[in-house]
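A look at the structure
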Amino acid sequence: MLMRTFSTRSLARMSLFAVLTAIFAQIVFPVPFTPVHFSLSIMGVFLCGALLPKGQAALSQIVYVLMGVVGLPVFGKFTGGLGVLIGPTGGYILAYPLMALVVALCVEKYKGRASFAHALGMGLALIILHLLGSGYLAIVGRMTFVQALAAGTLPFIALDCVKVLATAAIAPTLARALQRAHIAA
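Below, the structure is looked at part by part. Here the structure is a predicted model, which means the values were calculated and not measured. In every chain, residue numbers begin from 1 and rise along the written sequence. In keeping with the model being predicted, local features are shown solely for residues with a pLDDT of at least 70 and side-chain atom pairs are shown and tallied solely at 80 or more, while totals for entire chains, interfaces and linings include all residues. Calculated side-chain values reflect all of the structure's heavy atoms, with hydrogen atoms and water omitted.

Interaxial distance between helix H1 (residues 8–25) and helix H2 (residues 41–51) falls to 6 Å at its minimum, and their mutual angle equals 155 degrees. Considering the angle they form, H1 stands roughly antiparallel to H2. Crossing angle aside, the handedness with which H1 passes H2 is right-handed. Across from Phe17, Leu20, Thr21, Phe24 and Ala25 in H1, the residues of H2 making contact are Ser41, Met43, Gly44, Val45, Leu47, Cys48 and Leu51. Asp, Glu, Lys and Arg are counted as charged, while Ala, Val, Leu, Ile, Met, Phe, Trp, Tyr, Cys and Pro are counted as nonpolar; the rest, among them Gly, fall into the polar class. Here the contact of H1 with H2 is composed, by residue class, of nine nonpolar, three polar and no charged. To define axes, lines are fitted to C-alpha atoms, for helices over the stretch in contact only, and angles between the resulting N-to-C directions are given on a 0 to 180 degree scale. Runs of E in the DSSP output that reach at least two residues are strands. Runs of H or I that reach at least four are helices, and both are numbered from the N terminus. Angles are sorted into four bins: roughly parallel if under 35 degrees, roughly antiparallel if over 145, roughly perpendicular if 65 to 115, and oblique for all others. With the far helix as reference, a near helix turned anticlockwise by less than a right angle produces a left-handed crossing, and one turned clockwise produces a right-handed crossing. Between two residues, a contact is recorded if the distance between any of their heavy atoms is within 4.5 Å.

Given below as structure tokens:
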């Protein structure tokens with residue numbers, strides 16, 4: 001069996017980003033015509049991928065999902081439990097580890113071009129979020145994929161693009177600040 005050990009510092013960083021995602025998830029605005037709500041949680045996922053190495057980024061978001069599964073109120077509106085993951089927003093939440101991984105892979109691949117790497121990774125992660133989330137919503141909500149896109153993507157895509165731009169803009173500055181503070185990976 002292949003085992004990887006992590007330093008105390010890397011475990012603390014992964015935990016920090018799992019908690020950061022939980023904090024952002026509490027900034028929620030219900031949208032009356034859809035079972036999906038608007039939240040800032042994906043900004044935590046984006047920052048996780050932008051500021052942690054790929055394995056740590058994905059694991060951080062797995063920890064976030066597992067915290068919610070065991071009942072900690074880390075999902076939107078201070079909810080938790082397996083019921084949230086089998087509900088209409090479950091597919092979006094389950095996409096978080098893959099999203100963080102994709103952002104981290106882009107940052108790793110385009111190291112010298114931070115702004116481009118962050119925007120590309122977050123843009124790709126946003127596509128993953130909406131494809132997986134809407135696909136899952138279609139299954140759980142017993143609707144067609146087009147209906148799920150109309151309910152779970154169309155009302156959110158413009159604001160999600162703003163989240164990408166805002167997070168991509170601040171990520172390089174945060175990365176430099178964390179490196180100066182000897183907190184970065």
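The discussion continues.
Turning to its location among the elements, His118 is positioned in helix H7 (residues 114–140). Beyond its immediate stretch of four places on either side in the chain, His118 contacts Ala50, Val107, Ala168, Ala171 and Pro172.

Take the nonpolar core next. Note that soluble globular proteins tend to have their nonpolar side chains buried in a common cluster. Among buried residues, the Ala, Val, Leu, Ile, Met, Phe, Trp, Tyr and Cys ones that are joined through side-chain atoms within 4.5 Å form a nonpolar core. Only protein chains enter the accessibility calculation, which uses a 1.4 Å probe. A residue is then buried if its area is under 20% of the maximum for its type, exposed if over 50%, and partly exposed in between. Phe46, Tyr64, Met99, Met122 and Leu129 are the most contacted members of the largest nonpolar core, which totals 52 residues. Residue contacts for Leu129: discarding those within four places in its chain leaves Ile42, Tyr92, Ala95, Tyr96, Met99, Ser134 and Asp160.

Unlike most non-glycine residues, Lys77 shows phi in positive territory, near 60 degrees. Despite not being glycine, Arg142 has its phi angle at roughly 50 degrees, a positive value. With respect to the helices, strands and loops of the structure, Arg142 is situated in the loop between H7 and helix H8 (145–152).

Where two aromatic rings form a pair, the distance of their centres and the angle of their planes describe that pair. Ring geometry is summarised as follows: Phe, Tyr and Trp rings, the Trp one being its six-membered ring, pair when their centres sit within 6.5 Å, and such pairs are stacked at plane angles under 30 degrees, edge-to-face over 60 and tilted between the two. All chains considered together, the criterion is met by four aromatic pairs. Ring centres 5.9 Å apart and planes at 35 degrees place the aromatic pair Phe29 and Phe38 in the tilted group. The rings of Tyr64, Phe75 and Tyr96 are connected pair by pair, giving a single aromatic cluster. Above the face of the Tyr110 ring, Lys109 is positioned so that its terminal group lies 5.7 Å from the ring centre. Cation placement over rings: the criterion is NZ of Lys or CZ of Arg within 6 Å of the ring centroid and within 35° of the ring normal. Above the ring of Phe116, the side-chain terminus of Arg113 is found at 4.4 Å from the ring centroid.

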